[in-house]
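Take a look at the letters that make up each chain.
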Amino acid sequence: MADESLFDFLHMEIVSHVYKEQQAGKGEMDNKDRAVCVSVLESMGFRVGQGLIERLTRDSPSFKDELDVMKFVCKDFWTKVFRRQVDNLRTNHQGTYVLQDNKFSLLTQLSNGKQYLDQAPKYLAFSCGVVRGALSNLGMDSVVTAEVSVMPSCKFQVVIQKL
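Calculation criteria
- Residues numbered from 1 in each chain as written.
- Predicted model: local features only at pLDDT ≥ 70, side-chain atom pairs only at ≥ 80, totals over all residues.
- Heavy atoms only, no water.
- UniProt positions renumbered as here; feature names shortened; annotations may be inferred.
- Core = buried A, V, L, I, M, F, W, Y, C linked by side-chain atoms within 4.5 Å.
- Buried < 20%, exposed > 50% of the residue type's maximum accessible area, 1.4 Å probe, protein only.
- Helix = DSSP H or I, 4+ residues; strand = E, 2+ residues; numbered from the N terminus.
- Contact = heavy atoms within 4.5 Å.
- Salt bridge = Lys/Arg side-chain N within 4 Å of Asp/Glu carboxyl O.
- Expected span 1.5 Å × (residues − 1).

- As annotated in an unreviewed UniProt entry, the protein chain is Trafficking protein particle complex subunit 6B from Sparus aurata.
- Quoted verbatim from the Sequence similarities (unreviewed entry) field of UniProt, the annotation for the protein chain is "Belongs to the TRAPP small subunits family. BET3 subfamily."
- Of the comments in the UniProt record for the protein chain, the one headed Function (unreviewed entry) reads "Component of a transport protein particle (TRAPP) complex that may function in specific stages of inter-organelle traffic. Specifically involved in the early development of neural circuitry, likely by controlling the frequency and amplitude of intracellular calcium transients implicated in the regulation of neuron differentiation and survival."

Spelled out as structure tokens, the structure:
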């Protein structure tokens, strides 16, 4: 329980710090500044995802295919990182996957109303990076985006880049 709270608070402080550093001395942030913050957070998450997946797959056999990798990410990886499995995994069998988490742990600290809906994306950038970094280390280049329509439910869209 304490570990969970520590990670949640650390994540909130990292997000806050990145945004404050970007805003320092500028006054109001524009869209370009926000994009820089999201990029910084996503890059941090990418490196964390790479490290975590290395540890988790050290003793695992290799995966058969892309879908097998995504199932591992949704069950084992997601459980280790976010303390629960993904609620739903959907695919179009053409390289696009949608992972739905109806009670995403990094959003449960925010209000459940629509009041903070516009603030949600900045708290998801790190998580998108974690997933992208994990997939990268498993040999899958991807683009990961997240969307929130109702708090704390979240949908991550993973598009695998074909070479």
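### Observations regarding the nonpolar core
Reasoning step 1: Ranked by internal contacts, the top residues of the largest apolar core, which has 41 residues, are Leu99, Phe104, Leu107, Leu135, Phe156 and Val158.
Reasoning step 2: Of all the secondary-structure elements, those providing two or more residues to this core are helix H1 (2–23), helix H2 (31–56), helix H3 (66–82), strand E2 (96–101), helix H4 (120–137) and strand E4 (154–160).
Reasoning step 3: Looking at this core, the element that brings in the most residues is H4, giving ten residues.
Reasoning step 4: Apart from residues no more than four positions distant in its own chain, Leu107 is found in contact with Ala120, Tyr123, Leu124, Val148, Met151, Pro152, Ser153 and Cys154.

### Details of the environment of Val98
Reasoning step 1: Along the polypeptide, Val98 turns up in strand E2.
Reasoning step 2: A relative accessible area of 26% means that Val98 is categorised as partly exposed.
Reasoning step 3: It is 19 Å that separates the C-alpha atoms of Val98 and Lys122, two residues lying 24 residues apart in sequence.
Reasoning step 4: For Val98, the residues in contact, after removing those within four places along its chain, are Asn88, Leu89, Arg90, Lys155 and Phe156.

### Some words on the pattern of salt bridges
Where charged atoms from two side chains of opposite charge come close, those side chains can pair.
Reasoning step 1: Going through the model one piece at a time under the given rule, you end up with five salt bridges.
Reasoning step 2: Its salt-bridge partner being Asp8, residue Arg83 comes within 3.2 Å of it at the nearest N-O pair. With Arg83 in the loop between H3 and strand E1 (88–91) and Asp8 in helix H1, this pair connects stretches of sequence that are 75 residues apart.
Reasoning step 3: Between Glu42 and Arg132 there is a salt bridge whose closest N-O contact spans 2.6 Å. Of this pair, Glu42 sits in helix H2 while Arg132 is found in helix H4, placing the two residues 90 residues apart along the sequence.
Reasoning step 4: For Glu42, a relative accessible area of 16% puts it in the buried group.
Reasoning step 5: Overlapping salt bridges bring together Arg84, Asp87 and Asp101 as one network.

### Overview of H2
Reasoning step 1: With 26 residues, H2 should cover 38 Å at 1.5 Å per step; its first-to-last C-alpha distance of 37 Å lies within 8% of that length.
Reasoning step 2: Buried within H2 are the following residues: Asp33, Cys37, Leu41, Glu42, Gly45, Phe46, Gly49, Gln50 and Ile53.

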